[in-house]
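# Understanding the architecture of this molecule
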Amino acid sequence: MSTRKPATQEPTVSLIDHFTRALARSFALGVDEEGYTHHYYQPADAVVHNGRELDHYQPLNGRPLTHWQKYVAQKRGWESMGQLAHVGLRVDAQQKETQA
């Protein structure tokens, strides 16, 4: 007679949770009207923008990414937003609200 231990229930990470975490690490915010592409890189909490080479690195220092989005909108304007920018902005705001 054998005895079996019940399988332990490990938390599963849904595909949406995995996608949300990956998205929050790095994504293209968009292209401004001067043709510069802005990328958010979460591990450094910074935005970089570039034309052909890395032209600018801007640490956010805990400020929501929406501050950078609004700043660029006022100074240069946005030509287009990245495909995942709206979701990424929301995830960034939620993460920074919980840390405050």
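See the structure printed just above.
The rules behind these values
- Residues numbered from 1 in each chain as written.
- Predicted model: local features only at pLDDT ≥ 70, side-chain atom pairs only at ≥ 80, totals over all residues.
- Heavy atoms only, no water.
- Phe/Tyr/Trp six-rings, centres within 6.5 Å; stacked < 30°, edge-to-face > 60°.
- Helix = DSSP H or I, 4+ residues; strand = E, 2+ residues; numbered from the N terminus.
- Lys NZ or Arg CZ within 6 Å of the ring centre and 35° of its normal.
- Pairing = 2+ DSSP bridges.
- Axes fitted to C-alpha atoms, helices over the stretch in contact; angles between N-to-C directions.
- Contact = heavy atoms within 4.5 Å.
- Buried < 20%, exposed > 50% of the residue type's maximum accessible area, 1.4 Å probe, protein only.
- Arc of directions from axis to C-beta.
- Polar contact = N/O pair within 3.5 Å; in protein donor to acceptor, adjacent residues only side chain to side chain.

Our next topic: the packing of aromatic side chains. For the structure shown, the criterion picks out two aromatic pairs. Between Phe27 and Tyr40 the ring centres are 5.7 Å apart and the planes differ by 55°, which places this aromatic pair in the tilted class. Taken together, the positions of Phe27 in strand 1 (residues 26-32) and Tyr40 in strand 2 (residues 37-41) put the pair 13 residues apart, joining distant regions of the chain. When the ring of Trp68 is compared with that of Tyr71, the centres are 5.4 Å apart and the planes differ by 35°; the resulting orientation is tilted. Here Trp68 and its partner Tyr71 are both found in helix 2 (residues 65-75), three residues apart, which amounts to about one turn of the helix. Geometry around Tyr36 places Arg76 over its ring, the cationic atom sitting 4.9 Å from the centre.

Two elements, strand 2 and strand 3 (residues 46-50), share five bridges in a ladder whose sense is antiparallel. Bridge pairing in strand 3 places Tyr41 opposite Ala46. Pairing of strand 3 with strand 4 (residues 54-59), which is carried by five bridges, proceeds in the antiparallel orientation. From the neighbouring strand, Val48 faces strand 4, where its bridge partner is Tyr57.

We now examine the sheet that holds strand 4. Strands sit in the order 4-3-2-1-5 across an open sheet of five strands; the sheet is antiparallel. In this open sheet, the two strands that pair with only one neighbour each are strand 4 and strand 5 (78-81). Each adjacent strand pair in this sheet contributes to an overall mean axis angle of 25°, direction not counted. The sheet strands contacting helix 3 (residues 85-99) are strand 1, strand 2 and strand 5, and the helix crosses strand 1 at an angle near 120°.

Among all positions in helix 2, only Leu65, Trp68, Gln69 and Val72 are buried. Down the axis of helix 2, the sector holding all buried residues measures 100°, keeping them to one side. Opposite the packed face of helix 2, turned more than 90 degrees from it, sit the exposed residues Lys70 and Gln74. Phi turns positive, to about 90°, at Gly77, one or two residues after helix 2.

Right, let's get into the side chain of Asp45. Residue position: Asp45 is located in the loop between strand 2 and strand 3. From its side chain, Asp45 meets the backbone nitrogen of Asn61 in a polar contact 3.5 Å long. If sequence neighbours within four positions are ignored, Asp45 has contacts with Tyr40, Gln58, Pro59, Leu60, Asn61, Gly62, Arg63 and Lys96.

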